[in-house]
Amino acid sequence: MHDTFTDPTAEGIFSTTALRETAGAYIREQVKAHKLIIRYYHQRLNALSFTCRLPPEILATIFGQLVESAHYDVHHKYHHGEYLTHKVPNLNWIPQVSHVCSHWREVALSAPYLWSRIPIDDPSWATEMLQRSKAVPLRISYRGPLYGKHGSDVESAHMILETVLCSQMARVKTLTLELPHVGFGEKTMARGRFAKLLSMLKQPAPMLERLQIRSPFAAANMPESNSLPDGMAAGCQRLTHLDLDGCSVAWEASAFRHLKVLSITSLPVISRPSVTQLVALLSQTPLLESLSIDNMQKSPGTVPLQTSTVILDRLEDLSFGGDLPSCTSLFDHLTVSRHARKILLRLTSVPPNDSSTTSLMKSLAQKLDHDIAGTASKLELVDGIRYWKSNDLQMPEEAPTVLISILFPIDSFPGRVAFLQSLSLDQLQSLKIHSSNIEDDALLGFSDLPNLKSLRITSHEFRLLTILGRGMGTKRNAPVLRPSFTALKNLTIVNWAMDLTQRGKDVGKSLATCFRARKKAGFYLELLELDDCTTVDEEDLARLRKCIKKVDWDGIGEVEEDSDDEEYECEACGEIHH
């Protein structure tokens, strides 16, 4: 049927303005009605899918998994040998959930916990998410500057953040403030704003479990602006994780009874705790499982404390730094879990070699040996000492192990020797020496270890060859020496100059001579690896393959038995071999 009223070709419709407006209104109503009909049938069509037939509770749980996975990684500074990576939430999940269909949107809006993880960096969504989260616990994060231009997103974000800290702290579960360093012209404004934010934390926060603050003034000597407010612990009885970077606490007045993880790093010198203050704080944290304090106040000497030992039998991850007397004193006053997983001590200074330094080093080594379960099975010397203790030497890779690291200042080699000599290393199976400086006493001590099977050493060519050749023959007019490295099966030499000459013989020939002698004496090497060695000679490799089961250099070489039995003088050790 022809509709002359709505037909644009009909001349009567355009005869007056009133007719045109009436026709337009009629058409718009029809479009609206048809859209509603199409929407209705789209809803019916969506209802036939299995996802829309899921109960709202299950669908909301799936949405929750999507929310938790919506993040991007941010890499921070190189911190004590490790790159720190934080997962920062983003809001890409919102259109994926609430903009698909009306049913999904209804489910999302009726699940307030989906909106409880609020990155205040995005002020356009922060206020709306606060409303949609209703009364559930909040996870608040802000990673941005302290100061911005008037009317900018930074200022809007700070207004929202201050509103949350003033009126919503009672339901904040986690709070993360990562504030980058400010420019010189912004310091005054930023200092006042940061102090204001910290003062707001004094309000009761009965649901707060995790607090992380990265101060923009980590290098400034401003303890009054970089400390949490006094009495804050009283209102945070559920706090289990406290991570402060450039921000300190009231050391002797903070009772975080339920704290499990404590990390306080990058403190200015004036804000660093003394051993006494740190022990006082730790005495009030009986549930602590992880502790990281990157530096303590320097002690003028030994640190006698008028306090009993603090028992932290759940502490499995321990990291702290300071001078030798402070670190030793702190460790003497702590009892940690015997099944600790990681211990890191950063010695910022070691007194000159004297009886007190030796005594402190021995005390520290004996404390680690006695208090931490397991036997030392692996040792590395780099810029410090790293060793692993295992409860099962037969299967050390599968047994629980603890990594103990001691970092020394550059000029503290005598102290390092004293520490090594006090460790129980009789069961040591693997040794790696990466350090360009290794003391003769330490290297000789390692050569007498009865169970050392694997050695990896960088440089020190003739020093090692001299020790390896000890006791491998009869030196003229000299007593028989005790053989060295008697259990050695695998040797890796790194960055050796094979053409380096001493006493008329180069490293390559001396190496072959040495291991031929060791084979004759019954000390048979199973594997020799040459890594990054220079001027490697094929003839030297051929000699080595005759006395070593397997030689790896660019993946070539198999063993060939050698029947030669000639007498020669070892240039490495000066002894006569056959």
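Everything here concerns the structure above.
Residues numbered from 1 in each chain as written. Predicted model: local features only at pLDDT ≥ 70, side-chain atom pairs only at ≥ 80, totals over all residues. Heavy atoms only, no water.

Along the chain, the position of Thr513 falls in helix 15 (residues 507–520). The spacing of Thr513 and Leu465 is 48 residues in sequence and 9.8 Å in space, taken between C-alpha atoms. (Helix = DSSP H or I, 4+ residues; strand = E, 2+ residues; numbered from the N terminus.)

A separate point is the packing of aromatic side chains. One pair of aromatic rings is described through two measures. These are the centre distance and the angle between the planes. All chains considered together, the criterion is met by 6 aromatic pairs. An angle of 50 degrees between the planes, with centres 4.9 Å apart, marks the rings of Trp93 and Trp115 as tilted. With Trp93 in helix 4 (residues 93–98) and Trp115 in the loop between helix 5 (102–109) and strand 3 (117–119), this residue pair connects regions lying 22 residues apart in the sequence. Taking relative accessible area as the criterion, Trp93 reaches 3% and is therefore assigned buried. The interplanar angle of 20 degrees and the centroid separation of 6.3 Å between the aromatic rings of Trp115 and Trp125 together place this pair among those described as stacked. Remark: Trp125 occurs in helix 6 (residues 123–132) and Trp115 occurs in the loop between helix 5 and strand 3; sequence separation between them is 10 residues. Using a relative accessible area of 0% as the deciding quantity, one classes Trp115 as buried. Among the residues examined, Trp125 registers a relative accessible area of 25% and is labelled partly exposed. Each member of the aromatic cluster is reached from another via a ring pair, and the members are Trp93, Trp115 and Trp125. Directly above the aromatic system of Trp115 lies the positively charged group of Arg132, at a separation of 4.5 Å from the ring centroid. The ring of Trp388 has Lys378 sitting right over it, with the charged end atom 4.6 Å from the ring centre. (Phe/Tyr/Trp six-rings, centres within 6.5 Å; stacked < 30°, edge-to-face > 60°. Buried < 20%, exposed > 50% of the residue type's maximum accessible area, 1.4 Å probe, protein only. Lys NZ or Arg CZ within 6 Å of the ring centre and 35° of its normal.)

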